[in-house]
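Residues per chain are reported as follows:
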Amino acid sequence: GCCPLSPAGAQSTQLLVEPPWTPAVLWDRVTLTCQGSGTPGATAWYKDGRRWWLEESDEVFVTESGTYKCHKSRTGRSNPVNVSN
């Protein structure tokens, strides 16, 4: 079984990119921040559809190009963010 429908106005998981312009490119020293609700310190990261490292932090520094997403236990998966080189 999966997910009960969220109540209206429920938060979603947001993946914030720093610096905020698009497209995100590696030489800008891109940092991704995962915002959402769930167990503190339990942020799962995905790169190109595969589970990335088990990063405790809500913030990661990107060193490789790819498509990144994060997942919070309560609010689910974020929007994908593409980082190119």
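Let us look at the structure shown here.

Cut-off values and rules
Residues numbered from 1 in each chain as written. Predicted model: local features only at pLDDT ≥ 70, side-chain atom pairs only at ≥ 80, totals over all residues. Heavy atoms only, no water. Disulfide = S-S within 2.5 Å. Helix = DSSP H or I, 4+ residues; strand = E, 2+ residues; numbered from the N terminus. Buried < 20%, exposed > 50% of the residue type's maximum accessible area, 1.4 Å probe, protein only. Contact = heavy atoms within 4.5 Å.

**Notes on the state of the cysteines**
Item 1. All told, the structure shown has one disulfide when counted by the stated rule.
Item 2. Paired through a disulfide, C34 and C70 show a sulfur-sulfur distance of 2.1 Å. The S-S bond linking C34 to C70 shows a torsion near 85°; that makes this disulfide right-handed. A residue pair is termed long-range when its members are at least 10 positions apart, and C34 in strand β3 (residues 31-35) and C70 in strand β7 (residues 66-72) qualify at 36 residues. Residues C34 and C70 agree in their burial class; the two are buried.

**Thoughts on the side chain of T31**
Item 1. Tracing the sequence through the fold places T31 in strand β3.
Item 2. Look at T31 and you get buried, because its relative accessible area is 18%.
Item 3. If sequence neighbours within four positions are ignored, T31 has contacts with L16, V17, E18, E59, V60 and F61.

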